[in-house]
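Descriptive structure summary
One-letter residues, chain by chain:
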Amino acid sequence: MLCGLPQSMASTRRVDTAIAYPSIDSPFLPHRGVTACPRSGRPCVHQQYPFAPSAHLHLSRSAFRAKHEPPAHPPRYPLPYMKIVLVNWARIWDGASFGGGVNQYCQALALELVRNGHEVVSIFGGTTFVRDPAECFIRRNDDWMGLRVYEVVNSPVMAPSIVQFQKPLGEVSAPELEARIGELFQWLKPDVVHWNNIEGFSIGCVDEAKKVGARNIFSLHNYHTVCPQVYLLQGHRVLCNNYDNGHNCTNCIPTRPPEEIRAEMVDKFEKSRRGPELEQSIQGFRSSLGWTVKWFPAGIRLIKAWFGPRVELPGHECRTREQATRALPASPSDARGKTPQLMAELNPPAPPDPNSPDRRVVLNVIQPEPPSDKPLNDYGKRRHAMVKMLS
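Note that the coordinates shown come from a computational prediction; the quantities given were computed from them, not determined experimentally.

Criteria and thresholds
- Residues numbered from 1 in each chain as written.
- Predicted model: local features only at pLDDT ≥ 70, side-chain atom pairs only at ≥ 80, totals over all residues.
- Heavy atoms only, no water.
- Core = buried A, V, L, I, M, F, W, Y, C linked by side-chain atoms within 4.5 Å.
- Buried < 20%, exposed > 50% of the residue type's maximum accessible area, 1.4 Å probe, protein only.
- Helix = DSSP H or I, 4+ residues; strand = E, 2+ residues; numbered from the N terminus.
- Salt bridge = Lys/Arg side-chain N within 4 Å of Asp/Glu carboxyl O.
- Phe/Tyr/Trp six-rings, centres within 6.5 Å; stacked < 30°, edge-to-face > 60°.
- Expected span 1.5 Å × (residues − 1).
- Contact = heavy atoms within 4.5 Å.
- Pairing = 2+ DSSP bridges.
- Polar contact = N/O pair within 3.5 Å; in protein donor to acceptor, adjacent residues only side chain to side chain.

This brings us to the nonpolar core. In globular proteins that are soluble, nonpolar side chains generally tend to be buried together. Counting residues in each nonpolar core, the largest one holds 27 residues, and the members touching the most others are Ile123, Tyr150, Ile181, Leu184, Phe185 and Phe201. Among the elements of the structure, β4 (83-87), β5 (119-125), β7 (147-153), α3 (175-188), β8 (192-195) and α4 (203-211) are those that each provide at least two residues to this core. Core analysis: the second largest hydrophobic core is formed by 17 residues, Ile84, Trp93, Leu109 and Val149 among them.

Throughout the structure, instances matching the rule amount to 13 salt bridges. The partner of aspartate 267 in a salt bridge is arginine 131, with the nearest N and O atoms 2.5 Å apart. Placement of the pair is aspartate 267 in helix α5 (residues 258-273) and arginine 131 in the loop between β5 and β6 (137-144), with a sequence separation of 136 residues. A relative accessible area of 37% places aspartate 267 in the partly exposed class.

Quick look at the packing of aromatic side chains now. A full pass over the atoms with the stated rule returns three aromatic pairs. Aromatic side chains tryptophan 89 and phenylalanine 98 sit 5.2 Å apart centroid to centroid with 70° between the ring planes, which places their arrangement in the edge-to-face category. An angle of 90° between the planes, with centres 5.8 Å apart, marks the rings of tryptophan 93 and phenylalanine 124 as edge-to-face. In this pair, tryptophan 93 is assigned in the loop between β4 and α2 (100-115) and phenylalanine 124 in strand β5, connecting sequence segments 31 residues apart. Since its relative accessible area comes to 10%, tryptophan 93 is described here as buried.

For an α-helix, the turn length of 3.6 residues means that residues three or four places apart are oriented alike. For α2, spanning 16 residues, the distance from its first C-alpha to its last is 23 Å, which sits close to the expected 22 Å at 1.5 Å a residue. On its buried side, α2 packs onto β4, β5, β6, β7, β8 and α9 (340-346). Following α2 by one or two positions, glycine 117 has its phi on the positive side, about 95°.

Right, let's talk about the pairing of β8 for a bit. Burial along β8 is two-sided: Val192 and His194 and Val193 and Trp195, pointing in opposite directions, are all buried. The pairing of β4 with β8 spans four bridges and is classified as parallel. Each residue of the ladder has a partner; that of isoleucine 84, found in β8, is valine 192. Sheet analysis places β8 next to strand β9 (residues 215-218), joined by four bridges and oriented parallel. For tryptophan 195, the partnering residue across the bridge sits in β9 and is phenylalanine 218.

As a further point, take the side chain of serine 122. Among the structural elements, serine 122 can be located in strand β5. Once you skip the residues sitting within four places of it in the chain, serine 122 turns out to touch Leu86, Ile92, Leu147, Arg148, Val149 and Tyr150.

Secondary-structure assignment places asparagine 103 in helix α2. Assessed through its relative accessible area of 1%, asparagine 103 is described here as buried. Within the structure, asparagine 103 has its side chain in polar contact with the backbone oxygen of glycine 95 (distance 2.9 Å). Here the side chain of asparagine 103 touches phenylalanine 98 through a polar contact of 3.0 Å, landing on its backbone oxygen.

Honestly, that's just the spatial picture; any functional story needs more than this.
Next comes the structure, spelled out in structure tokens:
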């Protein structure tokens, strides 16, 4: 089973994947000859396996060094090499700090899949909105911890779910968003698309993954697919046992129109693109009102800050296959999501030496001391006196 994929969903024809890094002539691996994969150039075996038809089962480089030499850091759960897309609305490097437990799960799963040798992609969206350009588009962020990262900007479907609550059908169909996601899937050609949330996306995006031959996996971390406010609680308090064909959802919780929230998010992002100078100029202009000598120069500073150069959008353009698939390694100074807790988990200390004196097991067994031919000194006399007193 992979990421919740039950064995019943797998095809009847299967490959024994319990053998990690088999040699080329391994008798346990049925194959039809080793060739170079047209997608990655790595040595691979053309063989169907349960998760994606006509896929390439890759061999590790250790298979070419020695027939039975184990890898230096073997993966915990060896599986055929796959290209896996993880979908969630929150930025994956933020972990639980933005997106809660679902995003923490996505982060941990992604890092473990990378450690097992898979090519992992993270797609998120529904939280960044800009004024120019106004259409929906995708930006490519620098790779993070071995993952490719893509963000949907100006998504018609907003996230998290509460800001999209008044427009429930937007999560059913969003043609503009689905066109961009489908185009990205065509470029990436994933084997598996793992949906951890559909917040910020639509049902049509799931269909786009099917069109490129990917296997869809959906992890139900909450009730969002059947309850647009996630918790299946009326007013966040009472268990919902009757949604009355949707009529009990209309007044379930107080919400605001998505258009209003979207406009606020656009203004907030545009202000951030101009840097702190704009906010300082606005505050200076307000404080100078009523003082002719002060408000004129303050107004000049405000105009310069308003029409001054803006900070570029985060990430890089992603409008062609080359831009979507090129290498974008992060700089050594990249600190996204590298919290002390995460780095401690990824770089645990070396296990203690079991033979060191501080790790040696002390058994409660009485061992007689060997005889000594030396005369008693003060310490010896003390022990004899103590033992005599206790006796």
